[in-house]
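Given next are the chains, with one letter for each unit.
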Amino acid sequence: MSTSENRNRLPPADPCAFVIFGASGDLTRRLLIPALYNLAEANLLGEGFRIVGVARGEMSDEEFRGHLEKGLADFATRNVDPATAKWLLNCVSYISGDVDDPQTYEKLKKELERLEASGLTQGNRLFYCATPPQAFAPIALHLGAAGLSREHDDGPWRRVIIEKPFGTSLDSAKALNRELLSVLDEDQIFRIDHYLGKETVQNILVLRFANGLFEPIWNRNHIDHVQITVAETVDVGTRGKFYDATGALRDMVPNHLFQLLSLVAMEPPSRFDANSVRSEKAEALDSIRIPTTEEALRDSVRAQYRAGRIGDREVTAYRKSPDVAPGSLTETYVALRLEIDNWRWAGVPFYLRTGKALTKRRTEIAVKFKQAPVSMFRDLKMGELSDNLLVISIQPDEGITLHFNAKHPGPKIDIAPVGMKFEYKDYFEAAPSTGYETLIYDCMTGDAILYQRADGVEAGWRAVEPFLQAWKEAGAKGIETYDAGSEGPYEAATLLARDGRRWRKITDPDG
Ligand code: BG6
């Protein structure tokens with residue numbers, strides 16, 4: 001794991017052939033090529049770096065380069081230096097073929113052997129599955145059958161990056177793991193979750209474990225509850241087909257929100273290495289209490305947005321969006337109350353919420369500490385003290401704020417809420433990035449700390465499965481609505497009010 005700051009001091013990644021399946025798709029153009037460009041600009045791709053694109057369409061190498069060049073012009077996060085862009089595009093070759101066709105892998109083999117004959121890539125191969133999820137297992141199985149992913153002792157490495165979604169249920173995630181593991185070793189599989197590419201997410205580990213200050217109070221004795229919010233303003237847009245079959249819970253919770261939850265809840269790892277860190281994260285997810293059907297219905301809220309307005313944008317109701325069934329029961333918002341059954345967290349609720357078409361884009365983790373046990377200030381009731389909160393802002397603001405009470409100046413004790421605020425931009429200068437740079441660099445250097453291991457993925461699905469099941473049984477009963485552009489459904493407020501708590505506001509949470 002590297003920070004943008006020390007990336008400049010890092011050596012270039014291992015030479016390798018970077019094979020992209022789904023090379024003509026959106027992910028490649030919007031994220032992978034701009035990320036590779038940023039790595040090239042930071043001198044982190046050595047001379048022995050080559051890209052082989054694989055996609056169905058017939059294209060010459062030249063046409064494919066033109067396609068990527070346009071993508072770079074449209075989606076680069078920085079000013080494009082023509083010499084660096086030229087260098088990167090010169091690394092590219094293209095193979096046309098279907099991922100289900102064994103012939104494709106024969107062609108790929110020839111291309112890899114051609115590159116490897118010159119010794120340039122030293123035989124290292126990274127296969128990136130930037131394809132729809134149905135293709136993940138077939139690609140891995142074909143690579144295995146063609147002998148393309150086989151590693152030999154002390155020989156070159158072969159690694160496969162799998163995009164999300166990793167399964168749609170516990171069973172399908174297990175089945176996918178089984179298929180991948182039938183041809184690859186666990187340490188060859190890199191399951192991506194782009195939330196782990198965010199600097200502020202990585203910083204949760206540093207905040208907790210590089211400071212002596214927080215860990216002694218990071219437990220049930222001092223923490224009242226934790227709120228994790230991922231609020232989006234984007235609506236379903238043109239993704240109706242995917243989204244209506246998926247919903248907010250599957251799309252966001254077992255992956256992105258659980259990454260945040262596990263980093264907050266995990267025990268200190270014995271070492272800062274991929275296995276220790278991922279074991280502790282999986283353990284935290286495994287400790288999430290599995291609710292009964294009744295509890296799952298009580299402790300969850302699911303809702304769909306109605307028509308509304310976000311800023312000056314009119315938003316069509318979810319059910320009227322393209323490729324969404326008119327009577328769809330798919331949730332675009334979910335709120336959950338979870339309990340973690342271990343010695344550190346027993347009795348501390350973790351409230352999670354995420355939704356589309358909300359009033360504001362905001363991702364944050366708010367840790368609320370217990371109040372002072374008594375109020376020793378005359379005339380001041382306990383309820384009037386404001387919350388002691390540690391808020392980790394992930395996006396769009398990046399920073400950490402500690403909220404506490406202070407004395408208002410004047411002759412009498414008058415208490416006012418104040419905040420100590422750390423903002424990334426005040427301390428560090430980071431060139432704008434796609435969020436994929438660190439992940440790709442880490443894979444090329446064999447560091448899997450920011451990737452998900454099979455047990456972590458399965459523990460995530462295990463924890464959300466009871467909610468999916470309970471909702472399926474409940475059908476239309478219990479699906480709520482909210483206005484696009486609002487804070488979410490009223491029922492989400494009730495979920496916390498029941499416990500005598502309330503959500504931070506998505507708009508102006510400190511106001
Ligand atoms: C993706 C989801 O994984 O994450 C999208 O499929 C969601 O629905 C996106 O919008 C959110 O990512 P970010 O980085 O914008 O918070």
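Residues numbered from 1 in each chain as written. Predicted model: local features only at pLDDT ≥ 70, side-chain atom pairs only at ≥ 80, totals over all residues. Heavy atoms only, no water.

Participant: It is not clear to me how the site of the ligand should be interpreted in this structure. Could you clarify?
Facilitator: Neighbouring residues of the ligand: Lys 164, His 194, Tyr 195, Lys 198, Glu 232, Arg 239, Asp 251, Met 252, His 256, Lys 356, Arg 361 and Gln 395. Interatomic distance of 2.7 Å between a side-chain N/O atom of His 256 and an oxygen atom of the ligand. Burial of the ligand by the protein chains amounts to 80% of its free accessible area of 400 Å². Of all the elements, helix α10 (residues 247-265) adds the most residues to the shell around the ligand, at three residues. The residue inventory of the shell around the ligand, partitioned by class, reads two nonpolar, three polar and seven charged. (Near = heavy atom within 4 Å. Polar contact = N/O pair within 3.5 Å; in protein donor to acceptor, adjacent residues only side chain to side chain. Areas by Shrake-Rupley, 256 points an atom, 1.4 Å probe, with all protein chains shown as cover. Helix = DSSP H or I, 4+ residues; strand = E, 2+ residues; numbered from the N terminus. Nonpolar A, V, L, I, M, F, W, Y, C, P; charged D, E, K, R; others polar.)

Participant: What am I meant to see in a nonpolar patch on the surface here?
Facilitator: There is a patch of nonpolar side chains on the surface, built from Met 376, Phe 377 and Ile 413 and spanning about 320 Å² of accessible area. Positionally, Met 376 belongs in the loop between β13 (362-369) and β14 (389-395). Given the relative accessible area of 67%, Met 376 is considered exposed. (Patch = residues over 30% accessible without salt bridge, like charges linked within 9 Å, V, L, I, M, F, W, Y side chains within 5 Å. Salt bridge = Lys/Arg side-chain N within 4 Å of Asp/Glu carboxyl O. Buried < 20%, exposed > 50% of the residue type's maximum accessible area, 1.4 Å probe, protein only.)

Participant: Quick question: what am I supposed to make of unusual backbone geometry here?
Facilitator: Trans is the prevailing form of peptide bonds, just as negative phi is the prevailing case for residues other than glycine. The linkage connecting Lys 164 with the following residue, Pro 165, adopts the cis geometry, with an omega of 0°. Mapped onto the elements, Pro 165 comes out in the loop between β5 (158-162) and α7 (170-183). Each neighbour pair has its own omega, and for Gln 395 with Pro 396 the value is 0°, a cis peptide bond. Its place among the elements puts Pro 396 in the loop between β14 and β15 (399-408). Positioned with a positive phi, Gln 122 is a non-glycine residue whose angle comes to about 55°. Within the element layout of this structure, Gln 122 appears in the loop between α5 (102-117) and β4 (125-129). Taking relative accessible area as the criterion, Gln 122 reaches 54% and is therefore assigned exposed. The phi torsion at Asp 323 lies on the positive side, around 65°, for a residue other than glycine.

Participant: Even after reading the chapter, I still don't get the sheet that holds β4, so can you show me in this structure?
Facilitator: To summarise the sheet geometry, strands pair through backbone hydrogen bonds and adopt either a parallel or an antiparallel arrangement. Read from one edge to the other, the open sheet built from six strands follows the order β3-β2-β1-β4-β5-β6, with strand pairing classed as parallel. The sheet terminates laterally at β3 (92-96) and β6 (189-191), the two strands that pair on one side only. On average, each strand axis in the sheet is inclined to that of its neighbour by 20°, with strand direction left out of account. Two strands pair when backbone bridges link them, and strand β1 (residues 16-21) and β4 are joined in this way by five bridges, in the parallel orientation. From the neighbouring strand, Ile 20 faces β4, where its bridge partner is Tyr 128. (Pairing = 2+ DSSP bridges. Axes fitted to C-alpha atoms, helices over the stretch in contact; angles between N-to-C directions.)

Participant: Explain the side chain of Thr 104 here, please?
Facilitator: With respect to the helices and strands, Thr 104 occurs in helix α5. Thr 104 sits in the buried class, given a relative accessible area of 2%. Within polar-contact distance, the side chain of Thr 104 engages the backbone oxygen of Asp 98 at 2.6 Å. Look past the residues within four positions of Thr 104 in its chain and what remains in contact with it is Val 54, Gly 97 and Asp 98. (Contact = heavy atoms within 4.5 Å.)

These values are about where atoms sit, not about what they do.
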